Amino acid sequence: MVIDVDKCTGCGACSVACMSENNVGVLEDETEKIRSITWLRVYQIDNGKAFPETEVAFFPRPCMHCQGGASGSPGQAFFQEDTDPQEAHTPCVSVCPAIATDYDDATGIVSQITSRCIGCRYCVAACPYHARYFNWYDVPWPQGTPRGLSPFVSPRMRGVVEKCTFCYPRLQRAKNKAFLGGGKVGEMDYQTACTEACPSGAITFGQLQNPAHKVHKLIQSEFAFRLLEKMGTNPKVYYMSKRKWVRMMADNHLSQAKATQAAASGGHK
Amino acid sequence: MRRWFDDLPKYADDSSWWPNGTTRCRPEVFLFWLGLPLTIMAYFGLSAFLVLFKGLNQTNMNDYFAFGVWIVVDLAVIALGAGAFFTSFLNYIIGKTELKPIVNAAVLIGFICYTGAILMLGIDIGQPIRGWFGFWHANVHSMLTEVMFCITTYAIVLCIELLPSVLDNRRIGKVPEFGTFSHNLHTIMIVFAAAGTFLSFFHQGSLGGMFGVLYARPFAYRGHLGIWPMTFFLFVMSAIAAGPSFTTMVVMITEKITGKRLTSHKVKMLMGKISGWLLLVYMVCKSVDTLYWAFIYLPSKGLSVGQMYQAPYGSWLVWAELGLFGWLPAILLLTPRVRESYGLLFLAMLLNCIGVTLNRFIFTIQSLALPVMPFEKFFSYLPTWQEWGVASLVLGHGLLIFMLAYRYLPIFPQEPELNQR
Amino acid sequence: MLPFVFEWHWDIGHIVFFGLFYGVVSVVFGVLGLTILKTILDLWAGKIHSADH
């Protein structure tokens, strides 16, 4: 997936489409943001400058579907790292005690098996993107609304973790269709709900390694970057921006460390 | 003046159940004091019911603080309970039989800590009914899987290790079947001590490994030695340094409350010395680890140490953990004059135990408090009364078990001899 | 746990981990069982230990 930050207006249509597609419920009190579930959250950032120079940008943040094991990964640590390919891992997958989340080598999608999740929240702790959400409450579906839910996605119960699946059920349907039609799953046969919903066309979805797909070309751009690349999570969601400060915001830099530190200590005093 | 309890029937007299050659307080006094742990347990019961019935929304945990006070208390009591495995290891396997007078107490405290931790973990997970999935669908690459397996098994081993003490009760031991079984268990205890050592070593380490493997969390991540991150070894070391201290502290507190001498001061001094040396080794490793993390690892990720400590979790935590509650107790415990003094020995051990608790707190809460994405906000967390209620289980059921055990079981073999009139 | 459960990966970790872990569990329960057996045999043979003796 590639998200063009310069095209994003922050309208939130992607978030709404995602909730509707994946049967994410609305809680009784949605003001409690650190407990509400938004598989695709839109972060607002600014360049920190005063009025005339202020610039604002948006980072829509789905699950990054990290592959792990890329450059800057634990492999470069002080001591040796396990060379077992299973250990070149997605941060959240390797920690789950019950294999309730898994990395699919064929598609690169990080799955979540909610019916197997025991709710220990270790994966939530492992994810630096805050892409994983725990069901703190039972969803109070208003009377009649369950009939309007998508039949392709199971609603989740209280006490389990959930997250963006790149609309995996859509891939399954596309595969079924392709099987019946005798063809292959084409680029446009499998698109996520957020991609379709974006009015400004900021989101592009496809196979990163397939040269025929648009995303493959987009990620070659010098303006493409990913969130927290230094951590070695190797995400599959790329962002694009021609603005340098936006690209700088995607990762931690020592040059910025002093400034943020001063701002943080100033803010608390 | 006649009091109402003077007329209590004779069956309230439980003196025939007390350990040989000891005296205990009157049953009514004992019953009165049992009210304390029972009150705490009632508070726990209410909190646990609310959490299980209404869900984890009863806590103040959220998607930023996925772990809260429960995990801190869990890690802390498991570290403090390490006295059980390490004292058993020294006594049964290394052959340091000078520790014999305190090994029963160590096992009892370990039993309390582990059962408390397991019960709390059962409430902590979102779907307690699926707790067994960790065994059935075990992900052998997860540190948490290893923790689950080893803690559960080690709790069983602790039950077996504690069994002889129960069977040696004056009345129970008279039953030939129990007496013989207890005798046979005593002779084979080395096997259980060895199994306990193996299991404990790995889960103490894996609890540290749990944080060390979070490579996307720069506060917690540490380099690896083999398949284990450095925190694996640091947690083992800090646990075996603090465990003997905690055991001795509990014995000292019991001595002060009961007004009896339970173990000779020589045993306590030896425990202090063991703690001190282990703590010293740990502090050297921990200091090197912290320096490497602060000046080599963090800059490689574009971060500085200053960013890692933000109010309210400021840099005072480092000085407290490594200085006041780290190096200071290590030096104190290694000073013979300090060990000879009852009060100073207690103080040094207390500092040591606070240090390990603080370490577990920092790894659990601060790892999660710090945002990794530069544009993410910083949140702080305070537990609700329900969380404190569940966390106080260890205290409540610990007091209850310890009071009953002290009254009826021969936990302290030196007691009759030390309290002869 | 078992290879027919979905999302199962074969790897050496299973053998090492389960081998060690269940090895220890078998030793613990095996020795406990043997101790109980020995106690029964002792009682049978009249080798009784109790607080009175």
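Since the structure is predicted, the reported quantities are computational estimates derived from the model, not experimental observations. (Residues numbered from 1 in each chain as written. Chains lettered and ligands numbered in written order. Predicted model: local features only at pLDDT ≥ 70, side-chain atom pairs only at ≥ 80, totals over all residues. Heavy atoms only, no water.)

A. Spotlight on the overall build of chain A. In terms of helices and strands, chain A carries seven helices and ten strands. Across the 269 residues in chain A, those meeting the buried criterion constitute 54%. Nonlocal contacts in chain A, meaning residues at least 24 apart in sequence, comprise 61% of its contacts between residues at least 6 apart. Element-wise, carbon and sulfur atoms account for 55% of the exposed surface of chain A, whose accessible area totals about 12,600 Å². (Helix = DSSP H or I, 4+ residues; strand = E, 2+ residues; numbered from the N terminus. Buried < 20%, exposed > 50% of the residue type's maximum accessible area, 1.4 Å probe, protein only. Contact = heavy atoms within 4.5 Å. Areas by Shrake-Rupley, 256 points an atom, 1.4 Å probe, with all protein chains shown as cover.)

B. Main features of the interface of chain B and chain A. Taken together, the contacts link 65 residues of chain B with 72 residues of chain A. Both sides of the chain B and chain A interface together cover about 5,800 Å² of buried area, and 59% of this is carbon and sulfur. Among the residues of chain B in contact with chain A, B:Asp63, B:Tyr215 and B:Phe375 are the three that bury the most area, contributing 15% of the side total. For the pair chain B and chain A, the number of links is one salt bridge. B:Asp124 is the salt-bridge partner of A:Arg121, the closest N and O atoms lying 2.6 Å from each other. Taken together, the elements giving at least two residues each to the side of chain B that touches chain A come down to helix H1 (27–54), helix H5 (133–136), helix H6 (143–167), helix H7 (176–212), strand E1 (224–225), helix H9 (265–300) and helix H10 (305–308) of chain B. (Buried area = accessible area lost by both parts, 1.4 Å probe. Salt bridge = Lys/Arg side-chain N within 4 Å of Asp/Glu carboxyl O.)

C. Seen up close, helix H11 (residues 316–333) of chain B. All names here are of chain B. The axis of H11 is deflected most strongly, by about 25 degrees, at Gly 326, and proline Pro 329 appears within four residues downstream. Listing the buried residues of H11 in full gives Leu 317, Val 318, Ala 320, Glu 321, Leu 322, Phe 325, Gly 326, Pro 329, Ala 330, Leu 332 and Leu 333. Contacts made by the buried residues of H11 are with helix H8 (230–258), H9, helix H12 (336–340) and helix H13 (342–369). (Bend = angle between axes of the 7 residues up to and from the residue.)

D. Main features of the packing of H6(B) against H7(B). Residues and elements named next belong to chain B. Across the interface, H6 lies against H7 with an axial gap of 7 Å and an inter-helix angle of 155 degrees. Considering their axes alone, H6 and H7 lie roughly antiparallel with respect to each other. Seen along the crossing, H6 lies across H7 with a hand that is left-handed. For the contact of H6 with H7, a count of residues per class yields 21 nonpolar, eight polar and two charged. (Axes fitted to C-alpha atoms, helices over the stretch in contact; angles between N-to-C directions. Parallel < 35°, antiparallel > 145°, perpendicular 65-115°, else oblique. Left-handed = near helix turned anticlockwise from the far one by under 90°. Nonpolar A, V, L, I, M, F, W, Y, C, P; charged D, E, K, R; others polar.)

E. Structural view of the sheet that holds strand E10 (residues 238–240) of chain A. All names here are of chain A. Taken in spatial order, the four strands of this open sheet run E8-E1-E10-E9, and their pairing is mixed. Edge strands, defined here as strands with exactly one partner in the open sheet, are strand E8 (203–204) and strand E9 (224–225). In the sheet, strand E1 (residues 2–4) pairs with E10 via three bridges, with the strands oriented parallel. Across the sheet, Val 2 pairs through a bridge with Tyr 238, a residue of E10. (Pairing = 2+ DSSP bridges.)

F. Focus on the pattern of salt bridges. Summed over the entire model, instances satisfying the criterion amount to 19 salt bridges over all chains. Salt-bridge contacts for A:Arg173 lead to A:Glu21; the nearest nitrogen and oxygen are separated by 3.6 Å. Of the two residues, A:Arg173 sits in helix H3 (residues 168–181) while A:Glu21 sits in helix H1 (residues 13–21), which places them 152 residues apart along the sequence. Exposure remark for A:Glu21: the relative accessible area of 13% places this residue in the buried category. Notably, a salt bridge pairs B:Glu98 with B:Lys96, separated by 3.9 Å at the nearest N-O pair. Since its relative accessible area comes to 45%, B:Glu98 is described here as partly exposed. Among the residues examined, B:Lys96 registers a relative accessible area of 29% and is labelled partly exposed. When salt bridges that share partners are traced, they join A:Glu21, A:Arg170, A:Arg173 and A:Glu196 into one network.

G. Summary view of a nonpolar patch on the surface. Residues and elements named next belong to chain B. Side chains of Tyr 43, Leu 46, Trp 385 and Trp 388 sit close together on the surface and give an oily, nonpolar patch of about 430 Å² of accessible area. Taken together, the elements giving at least two residues each to the nonpolar patch come down to H1 and helix H14 (385–391). Mapping Leu 46 onto the fold places it in helix H1. (Patch = residues over 30% accessible without salt bridge, like charges linked within 9 Å, V, L, I, M, F, W, Y side chains within 5 Å.)

H. Quick peek at the side chain of B:Ser200. Residues and elements named next belong to chain B. Mapped onto the elements of the fold, Ser 200 is located in helix H7. Here Ser 200 falls in the buried class, since its relative accessible area comes to 0%. The contact partners of Ser 200, leaving out residues within four places of it in the chain, are Phe 85, Tyr 114 and Tyr 154.

I. Geometry of the nonpolar core. Counting 200 residues, the largest nonpolar core has A:Phe59, A:Tyr122, A:Tyr129, A:Leu227, A:Tyr239, B:Trp70 and B:Phe192 as the members making the most contacts within it. Every residue in contact with A:Tyr239, bar those within four places of it in the chain, is listed here: A:Ile3, A:Val5, A:Phe59, A:Pro60, A:Arg61, A:Pro62, A:Met64, A:Phe223, A:Ala224, A:Phe225 and A:Leu227. (Core = buried A, V, L, I, M, F, W, Y, C linked by side-chain atoms within 4.5 Å.)

J. Representation of the state of the cysteines within the structure. Counted by the stated rule, this structure contains zero disulfides over all chains. B:Cys159 supplies the cysteine sulfur nearest to B:Cys150, a cysteine that is in no disulfide, at a spacing of 16 Å. (Disulfide = S-S within 2.5 Å.)

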